Amino acid sequence: MSEKTVYESLRESGLSRRDFMKFCGLLSGWMGLEFLPGVKALAATPEQVAEALMAKPRVPLIWLELQDCAGCTEAISRSQSPSLVNLVLNSISVDYQETLMAAAGFQAEASMRATMEKFKGRYVLVVEGSLSTAADGVYCAIAGRSGPDILREAAASAAAVIATGNCAAFGGLPKAAPNPTGALGVGDFIKDKPIVNIPGCPAIPEVTTGTIAHFLVMGTLPKTDRLKRPLTFYGHTIHDHCLRRPFYDAGKFAESFGGHGAREGECLYKLGCKGPTTYNACSSLKWEKGLSFPVQSGHPCLGCSEPNFWDGGGFYQAQSAPIDRPTAAAFGLAAGVGAALGAAMAGANGLAKRKAGKTEPAEPKKAAE
Ligand code: SF4
Ligand code: F3S
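Cut-off values and rules
- Residues numbered from 1 in each chain as written.
- Chains lettered and ligands numbered in written order.
- Predicted model: local features only at pLDDT ≥ 70, side-chain atom pairs only at ≥ 80, totals over all residues.
- Heavy atoms only, no water.
- 1 Å grid on protein atoms, 1.4 Å probe; cavity = no way out; pocket = protein on both sides within 12 Å on 5 of 7 lines; lining within 4 Å.
- Points joined across faces, edges and corners; volume = space filled by probe spheres on them.
- Near = heavy atom within 4 Å.
- Nonpolar A, V, L, I, M, F, W, Y, C, P; charged D, E, K, R; others polar.
- Helix = DSSP H or I, 4+ residues; strand = E, 2+ residues; numbered from the N terminus.
- Contact = heavy atoms within 4.5 Å.
- Buried < 20%, exposed > 50% of the residue type's maximum accessible area, 1.4 Å probe, protein only.
- Pairing = 2+ DSSP bridges.
- Sits in = over half its atoms within 2 Å of the grid points.
- Core = buried A, V, L, I, M, F, W, Y, C linked by side-chain atoms within 4.5 Å.
- Domains from an automatic or database assignment.
- Expected span 1.5 Å × (residues − 1).

**Student:** Let's hear about empty space enclosed by the protein: which residues, and what values?
**Tutor:** Per the stated rule, a full pass over the model turns up four cavities of 30 Å³ or more. Size it by volume and the largest cavity reaches roughly 90 Å³.

In structure tokens, the structure reads:
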């Protein structure tokens, strides 16, 4: 019996033809999210997406968890954008996922082995967590086998490897000094396979599924930057699209957490924000169905999608003096948008307690622990 196509599987799961076309339109928009020169050319039209999904079989997926906290799995399983994330996940066949699968023990290992044999050269390997290499990998062993052993075998027959989260991409927290387990990112160990990194702590669910969707439709991994991050999602810094940016440009910086300036939308650079040097999609895609992201909620960006971010200096210290370039125009812009941004941020976080007609903000609350 021939394998079911993505389209057939989706239809069987109750998706109408109309919803399928809508899904293809969303995927196409998602893939063309970025507008960098040379990147948009990779995007497909909804018709091309539909054509591909009607012809292609479902992509089997093996998801390994090595030295991790399962945060990326948590983020994806609790994603607030079910229409897209779930549909992408329905379009693939997740044959092995330690946290989510019902099987355990020998049964689980047998399922992984069966997928590796049946779909040799065709499955996608997603890795979450860093690889422990010290003491022959004894710090992270699964089913009696070391992480390097498992990863080497699973990657050997994979069509492509997706390293999701900072740990899998760059080593993450386990690699922080003094790195007792000899932690490495997947790309430091697997050198002979197409690899894409989806760093973040955790990775944004839509970015992981968007990358899987790209493979599903195009049969290849997306175009990446020098750190192997998809340009579609990592082509800009947090700073580029930050809604506190007018204040940075105007030289207006919050001096304390929860204070008047931070609540009114002032820039968090002096409180340690790494947004200017951090490439990720948080300030454009945001989290929780586009509701917010750390900087909007009043916390500086920690740079969680960059290598060695745990060791890169204090989380709450400015890395250098901000570029001092206030201009009258920028200041005017900041003043103009300030009230609106401040209200939007306060409203989004349930902090706005202003009385109708009053322009003064409420007294700052005591900072939560
Ligand atoms: Fe840039 Fe951070 Fe300031 Fe936003 S809060 S403008 S990302 S430095
Ligand atoms: Fe990470 Fe900064 Fe986004 S800390 S979650 S890259 S805003």
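**Student:** Before we move on, can you summarise the site of ligand 2 with the specific residues and values?
**Tutor:** Taken together, T278, N280, C282, P294, C301, L302, G303 and C304 are the residues near ligand 2. Among the residues making up the shell around ligand 2, the classes are represented as five nonpolar, three polar and no charged.

**Student:** Can you break down the environment of I204 residue by residue, with the values?
**Tutor:** Within the fold, I204 resides in the loop between β9 (195-198) and α9 (205-218). Considering only alpha carbons, one finds I204 and L285, 81 residues apart in sequence, at a separation of 8.8 Å. Ignoring any residue separated from it by four or fewer positions in sequence, one finds I204 in contact with N280, A281, C282, L285, K286 and W287.

**Student:** Summarise the pairing of strand β3 (residues 124-128); cite the residues concerned and give the values.
**Tutor:** Most of β3 sits out of view: five of its five residues are buried. Looking at chain direction, strand β1 (residues 59-65) and β3 are connected through five bridges and run parallel. Paired with L61 across the two strands is V124, which belongs to β3. Of the pairings in the sheet, the one linking β3 to strand β7 (residues 160-164) comprises five bridges and is parallel in character. Residue pairing across strands places V124 opposite A160, the latter belonging to β7.

**Student:** Can you explain the site of ligand 1? Please cite residues and give values.
**Tutor:** The full set of residues close to ligand 1 is H239, C242, R244, R245, Y248, C267, L268, Y269, C273, G275, P276 and V295. According to the grid-proximity analysis, the pocket containing ligand 1 is the largest cavity. Partitioned by chemical class, the residues of the shell around ligand 1 number eight nonpolar, two polar and two charged.

**Student:** Tell me what's going on with the nonpolar core, and back it up with residues and numbers.
**Tutor:** Counting 47 residues, the largest nonpolar core has F20, L53, I162 and V295 as the members making the most contacts within it. When residues in this core are grouped by element, the largest group, six residues, is from α9. Residue-level mapping places this core at the junction of two domains, with at least three residues from each of domain 1 (6-234) and domain 2 (236-339). Those residues in contact with L53 that sit more than four places away from it in its chain are T5, V6, Y7, F20, F23, C24, L27, L216 and V217. Grouped together as the second largest cluster of nonpolar side chains are 26 residues, Y96, M101, A108 and A168 included.

**Student:** With reference to specific residues and values, describe helix α6 (residues 105-118).
**Tutor:** The end-to-end C-alpha distance of α6, which contains 14 residues, comes to 20 Å, matching closely the 20 Å that a straight helix rising 1.5 Å per residue would cover. Buried residues along α6 sit against β1, β2 (92-97) and α7 (147-156).

Such coordinate-based values are descriptive only and should not be taken to indicate function.
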